[in-house]
Amino acid sequence: MNGELLAFGVLAALTLGSALLVVASRNIAHAALWLLPCLAGVAGLYLLLGVEYLAAIQVILYIGGILVLLLFAIMLTPGVAGRDRRVFNRQVFWAFVSCALLAGVLIHLLARQPWEIRSFSPPRADIGGFADALLGPYLLPFEVASVALLAAIVGAIVLAREERE
Amino acid sequence: VSPLHLNHYLIVSSLLFALGAFGVLTRRNAVGVLLGIELMLNAANLNLVAFWRYLTPQRYSPQVFVLIIITLAAAEAAVGLGIILNVYRRFKTIDVDYVSVMKG
């Protein structure tokens, strides 16, 4: 049972350490690449929580899709990567103070909350029930999400298209 | 009985959220701001799954939420890419400190 705690510690350290590098890396391309271990760490935490299919979705969609899209954004804006003299803007001090305060307050509030823990053993996350829920009671949000995705794709094409006379 | 508790996950996701917020507030590169937003979305997702695991294991709504958030994150990244490309063409930079023509 201590293996679970060890796995959690390793995954949490991986996630938070690479998230720190995402935020602090001088080179924006390195920052985007550090997002990969961070997202993989979150996928590992999903596995630890017992939702294998969300971990798979995380790897396929986030690492395979969104991260590649962000790397495209970096590569299509040449001259931007790798020459940042100043990574942060002028509000870095107050941003640090307020984010540290935010984290402190959140942890303080959440840790003191008397949660009613319902399941002490890992629940069984079956993909069949998830699929039934997605195409049953949650059909409308599911369809709205797909329409929103379509609208975003069309909007991205219109925005990124080069105007020619 | 597992030695892990809900609080472990909540602490990790709080720290992840604060790191993402710091990135959004301070990064000068527009892509860096998008990276910060991704970190914050991941923190929210981790929170939802942790609450599902410990508080409402019989329901599917948290996982549906997570799936829809991931979908909308993909949409946000696509539109963000389009906007960043447009800004780059117009200003020859994507430093958000210089792109302030709409500032009053």
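These numbers were taken from a predicted model, which means no experiment stands behind them.

Asker: Would you mind going over the overall build of chain B with me for this structure?
Answerer: Looking only at helices and strands, chain B features three helices and zero strands. Secondary structure elements of chain B, listed N to C terminal, follow the sequence α-α-α. Taking 2.2 N^0.38 as the reference for a compact globule, 104 residues should give roughly 13 Å; the C-alpha atoms of chain B span a radius of gyration of 17 Å, well beyond that estimate. Viewed in the frame of its principal axes, chain B has a C-alpha envelope of about 60 × 25 × 25 Å.

Asker: Just to check I follow, could you spell out the overall build of chain A for this structure?
Answerer: Scanning chain A from N- to C-terminus turns up six helices and zero strands. Listing every helix and strand of chain A by position from the N terminus yields α-α-α-α-α-α. For chain A, whose C-alpha radius of gyration is 20 Å, the value lies well above the compact-globule estimate of 15 Å for 165 residues. Looking at the 165 residues of chain A, the share that counts as buried comes to 37%. Within chain A, contacts between residues at least 6 apart in sequence are counted, and of these 59% link residues at least 24 apart.

Asker: Explain the state of the cysteines to me, please; I cannot follow it from the model alone.
Answerer: Among covalent bonds in proteins, the disulfide is the one between the sulfur atoms of two cysteines. All names here are of chain A. Counting across every chain of the model gives zero disulfides over all chains. Residue C38 stays outside any disulfide, its sulfur separated by 15 Å from that of C99, the closest cysteine. On the basis of relative accessibility, which here comes to 1%, the residue C38 falls in the buried class.

Asker: Sorry if this is basic, but what is going on with unusual backbone geometry here?
Answerer: Keep in mind that most residues, glycine aside, have a negative phi and that most peptide bonds are trans. Positive phi is not limited to glycine here, since K92 of chain B has a value of about 60°. As for its position among the elements, K92 of chain B is in the segment after helix 3 (61-91).

Asker: What am I meant to see in the interface of chain B and chain A here?
Answerer: As a measure of interface size, the accessible area lost when the parts come together is often cited. Facing the 71 residues of chain B at the interface are 86 residues of chain A. Roughly 7400 Å² of surface becomes buried between chain B and chain A when both sides are summed, with 75% attributable to carbon and sulfur atoms. On the chain B side of the contact with chain A, R27, L35 and R53 of chain B bury the most area, a combined 9% of that side's loss. One can count zero salt bridges joining chain B with chain A. Run the count over chain B and chain A and you get ten residue pairs in polar contact (both at pLDDT 80 or more). If you list the elements that add at least two residues to the side of chain B that touches chain A, you get helix 1 (6-26), helix 2 (30-54) and helix 3 of chain B. With 23 residues, the top contributor of residues to the side of chain B that touches chain A is helix 3 of chain B. When the residues that make up the side of chain B that touches chain A are grouped by side-chain class, the tally is 48 nonpolar, 16 polar and seven charged.

Asker: Sorry if this is basic, but what is going on with helix 5 (residues 127-135) of chain A here?
Answerer: Each α-helix turn comprises 3.6 residues. Residues three or four places apart therefore point the same way. Every buried residue of helix 5 of chain A is listed here: G129, F130, A133 and L134 of chain A. Seen along its axis, helix 5 of chain A keeps its buried residues to an arc of 135°; they face one direction. In helix 5 of chain A, the exposed positions angled more than 90 degrees off the buried face are occupied by D132 and L135 of chain A. Buried residues in helix 5 of chain A make contact with helix 3 (52-75) and helix 6 (139-160) of chain A together with helix 3 of chain B.

Asker: Before we go on, may I ask you to explain the packing of helix 6 of chain A against helix 3 of chain B in this structure?
Answerer: The packing of two helices is summarised by the inter-axis angle and the distance between the axes. The geometry of helix 6 of chain A relative to helix 3 of chain B is characterised by a closest axis approach of 9 Å and an angle of 10° between their N-to-C directions. Taken together, the axes of helix 6 of chain A and helix 3 of chain B are roughly parallel relative to one another. Across the interface between the two elements, P141, F142, A145, A148, L149, A152, A156, L159 and A160 of chain A of helix 6 of chain A pack against I68, T71, L72, A74, A75, A78, V79, G82, I83, L85, N86 and R89 of chain B of helix 3 of chain B. Partitioning the contact of helix 6 of chain A with helix 3 of chain B into residue classes produces 17 nonpolar, three polar and one charged.

Asker: What am I meant to see in the pattern of salt bridges here?
Answerer: Side chains that differ in charge, positive against negative, can pair when their charged atoms come close. Residue and element names in this part refer to chain B. Throughout the structure, instances matching the rule amount to two salt bridges over all chains. Taking the shortest distance from any N to any O, the salt bridge between D95 and R28 comes out at 2.6 Å. With a gap of 67 residues between them, D95 in the segment after helix 3 and R28 in the loop between helix 1 and helix 2 connect regions that are remote in the sequence. According to the relative accessible area criterion, R28 is buried, its value standing at 10%. In this structure, R28 engages D97 in a salt bridge whose closest nitrogen and oxygen atoms are separated by 3.5 Å. One end of the pair, R28, is in the loop between helix 1 and helix 2; the other, D97, is in the segment after helix 3, with 69 residues separating them in the sequence. Residue classification places D97 among the partly exposed positions, given a relative accessible area of 28%.

Cut-offs applied
Residues numbered from 1 in each chain as written. Chains lettered and ligands numbered in written order. Predicted model: local features only at pLDDT ≥ 70, side-chain atom pairs only at ≥ 80, totals over all residues. Heavy atoms only, no water. Helix = DSSP H or I, 4+ residues; strand = E, 2+ residues; numbered from the N terminus. Rg over C-alpha atoms; globule rule 2.2 N^0.38 Å. Buried < 20%, exposed > 50% of the residue type's maximum accessible area, 1.4 Å probe, protein only. Contact = heavy atoms within 4.5 Å. Disulfide = S-S within 2.5 Å. Buried area = accessible area lost by both parts, 1.4 Å probe. Salt bridge = Lys/Arg side-chain N within 4 Å of Asp/Glu carboxyl O. Polar contact = N/O pair within 3.5 Å; in protein donor to acceptor, adjacent residues only side chain to side chain. Nonpolar A, V, L, I, M, F, W, Y, C, P; charged D, E, K, R; others polar. Arc of directions from axis to C-beta. Axes fitted to C-alpha atoms, helices over the stretch in contact; angles between N-to-C directions. Parallel < 35°, antiparallel > 145°, perpendicular 65-115°, else oblique.

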